[in-house]
Every structure is written in C-alpha cells, then in structure tokens.
Amino acid sequence: MGKSKSRILRKGINDRMRKINRSEAIDSAAQALNNSDIAQAKSYITMFGINAEELLEAGAGYETVVAINNILSL
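1. What about the overall build of the chain?
Looking only at helices and strands, one finds five helices and zero strands in the chain. Along the chain, helices (α) and strands (β) appear in the sequence α-α-α-α-α when read from the amino end. Going through the 74 residues of the chain one by one, you find that 22% of them count as buried. In the chain, of all internal contacts separated by at least 6 residues, the share reaching a separation of at least 24 is 56%. Summed over its atoms, the accessible surface of the chain is roughly 5,600 Å², and 50% of this surface lies on carbon and sulfur atoms.

Quick look at the structure:
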C-alpha cells in the first residue's frame, strides 16, 4: 500500500465526524444556552438555522433566547 492511501485510511479512522440531525441539534443548542455555552449554541443555531420558537420549545430559557436574539438575529 502506498503512502498516500495509508494516510487517507488513517485519517478516515481518526477523523470521524459525529452525525447529528436537526432535532438533536435543537436540543443541544437549548442545553448549551442553559449552561451558558454561547459559542457552542451559536454554532448549532447558525449551522441548522434554528429559530427562537424551536429553542423555546426545546427548553431554553426565555431570557436567554431574548438576549441572544439581537446578537444572532433569530
């Protein structure tokens, strides 16, 4: 096996992305907001286009969603 192929195979084994669907992303964003992890929540919100109503239904605090509403323009 050549060097390139072995590098590609090693990268595929060690660099696996976790698959996540939209409902899991909404739940994760709501939990991140409740835990004051704004950076992680922002990445989920922008990646999946989550709106404020979905965050509130998932259990995020109203005050937190209103506070980040202006920042992210949900």
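2. Here's the deal with helix α3 (residues 38–48)
Of the positions making up α3, those classed as buried are A41, Y44 and I45. The buried residues of α3 all sit within an arc of 95° when viewed along its axis, so they share a single face. Summarising the geometry of α3, the exposed residues directed more than 90 degrees from the buried face are A39, T46 and M47. G49 lies just past α3 and shows a positive phi near 65°.

3. Digging into the environment of Y62
Examined against the element boundaries, Y62 turns out to sit in helix α5 (residues 62–72). Since its relative accessible area comes to 55%, Y62 is described here as exposed. Taking the C-alpha atoms as reference points, Y62 and A52, separated by 10 residues in sequence, lie 9.1 Å from one another.

4. Thoughts on the confidence of the model for the chain
For the chain, per-residue confidence averages 83 on the pLDDT scale, and residues scoring 70 or more make up 81% of the total. Per-element averaging of pLDDT across the chain places helix α1 (residues 3–14) at the bottom with 68 and helix α2 (residues 22–34) at the top with 94.

5. Here we look at the nonpolar core
Counting residues in each nonpolar core, the largest one holds 14 residues, and the members touching the most others are A29, L33, I45, I50, L55, A60 and V65. Only α2, α3 and α5 provide two or more residues apiece to this core. Considering every element that reaches this core, the biggest residue donor is α2, with six residues.

6. As for α2
With 13 residues, α2 should cover 18 Å at 1.5 Å per step; its first-to-last C-alpha distance of 18 Å lies within 8% of that length. For α2, the complete set of buried residues consists of A25, I26, S28, A29, A30, A32 and L33.

7. Concerning the pattern of salt bridges
Per the counting criterion, the structure on display carries one salt bridge. Note that R22 and E54 form a salt bridge whose closest N and O atoms lie 2.9 Å from each other. Of the two residues, R22 sits in helix α2 while E54 sits in helix α4 (residues 52–58), which places them 32 residues apart along the sequence. Accessibility expressed as a relative area gives 33% for R22, which makes it partly exposed.

About the cut-offs
Residues numbered from 1 in each chain as written. Predicted model: local features only at pLDDT ≥ 70, side-chain atom pairs only at ≥ 80, totals over all residues. Heavy atoms only, no water. Helix = DSSP H or I, 4+ residues; strand = E, 2+ residues; numbered from the N terminus. Buried < 20%, exposed > 50% of the residue type's maximum accessible area, 1.4 Å probe, protein only. Contact = heavy atoms within 4.5 Å. Areas by Shrake-Rupley, 256 points an atom, 1.4 Å probe, with all protein chains shown as cover. Arc of directions from axis to C-beta. pLDDT = per-residue confidence, 0-100. Core = buried A, V, L, I, M, F, W, Y, C linked by side-chain atoms within 4.5 Å. Expected span 1.5 Å × (residues − 1). Salt bridge = Lys/Arg side-chain N within 4 Å of Asp/Glu carboxyl O.

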